[in-house]
Amino acid sequence: AAAMSAISKTTQVMANVNSATNNVETAKMLANFQKESTKMDLNMESLDEFLEDAFEDSDVEEEADEIVSATLAGIGIDLGAMMADAPTRAPPTQVQIEQPIAEENNEAADLEARFAALSS
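Cut-offs applied
- Residues numbered from 1 in each chain as written.
- Predicted model: local features only at pLDDT ≥ 70, side-chain atom pairs only at ≥ 80, totals over all residues.
- Heavy atoms only, no water.
- Helix = DSSP H or I, 4+ residues; strand = E, 2+ residues; numbered from the N terminus.
- Buried < 20%, exposed > 50% of the residue type's maximum accessible area, 1.4 Å probe, protein only.
- Areas by Shrake-Rupley, 256 points an atom, 1.4 Å probe, with all protein chains shown as cover.
- pLDDT = per-residue confidence, 0-100.
- Patch = residues over 30% accessible without salt bridge, like charges linked within 9 Å, V, L, I, M, F, W, Y side chains within 5 Å.
- Salt bridge = Lys/Arg side-chain N within 4 Å of Asp/Glu carboxyl O.
- Lys, Arg positive; Asp, Glu negative; His and termini not counted.
- Charge placed at Lys NZ, Arg CZ, Asp CG, Glu CD.
- Expected span 1.5 Å × (residues − 1).
- Polar contact = N/O pair within 3.5 Å; in protein donor to acceptor, adjacent residues only side chain to side chain.

Here we look at the overall build of the protein
Here's step 1: Across its full length, the protein holds five helices and zero strands.
Here's step 2: In the protein, the order of α-helices and β-strands from amino to carboxyl end is α-α-α-α-α.
Here's step 3: Counting across all 120 residues of the protein, residues that qualify as buried make up 1%.
Here's step 4: Surface accessibility of the protein: about 11100 Å² in total, with carbon and sulfur atoms responsible for 60%.

A word on the confidence of the model for the protein
Here's step 1: Of the residues in the protein, 82% have a pLDDT of 70 or more, and the chain-wide mean is 81.
Here's step 2: Element-level mean pLDDT values for the protein span from 69 in helix 4 (residues 79-84) up to 90 in helix 2 (residues 23-56).

Considering a negative patch on the surface
Here's step 1: Negative charge collects at one region of the surface, where D41, E45, D48, E49, E52, D53 and E56 lie side by side.
Here's step 2: Looking at the element boundaries, D41 is found in helix 2.

Concerning helix 2
Here's step 1: With 34 residues, helix 2 extends 49 Å between its outermost C-alpha atoms, agreeing within 8% with the 50 Å of an ideal straight helix rising 1.5 Å per residue.
Here's step 2: Between the side-chain oxygen at the start of helix 2 and the backbone nitrogen of V24 there is a gap of 3.3 Å, and the oxygen is on N22.

Let's talk about a nonpolar patch on the surface
Here's step 1: The grouping of M40, M44, L47, F50, L51 and F55 at the surface amounts to a nonpolar patch, some 650 Å² of accessible area in total.
Here's step 2: Looking at the secondary structure, you find F50 in helix 2.

Observations concerning the pattern of salt bridges
Side chains bearing opposite charge may pair, as long as their charged atoms lie close to each other.
Here's step 1: Under the criterion given, the structure shown has one salt bridge.
Here's step 2: Between K39 and E36 there is a salt bridge; the shortest N-O distance is 3.5 Å. Remark: E36 and K39 occur in helix 2; sequence separation between them is three residues, near one turn of the helix.

Written as structure tokens, this is what we have:
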């Protein structure tokens, strides 16, 4: 009886939704959405192509590097000479320095324990 009541109510709700839904208007909305989505896809493709073309030109990068170098040279900064003195590796951290010492201490303790076991 409860199942029949639930099915009856579900059927009534579905009928109310169907009567409230305008199928023609929904179809128009979906068609409009599809049209706008296609426009957006075409615009995105055009933008992607434009950006690829704009950033693909290596002459722009070389020209920018030349302008930066000329500007730095004009104010007396020789970036190449400054970078020659720059370190190529990061200095060791405290953990990197202490780790070998800790390993040596562990090895020494192991050797002392073995020696003590042999002497007993």
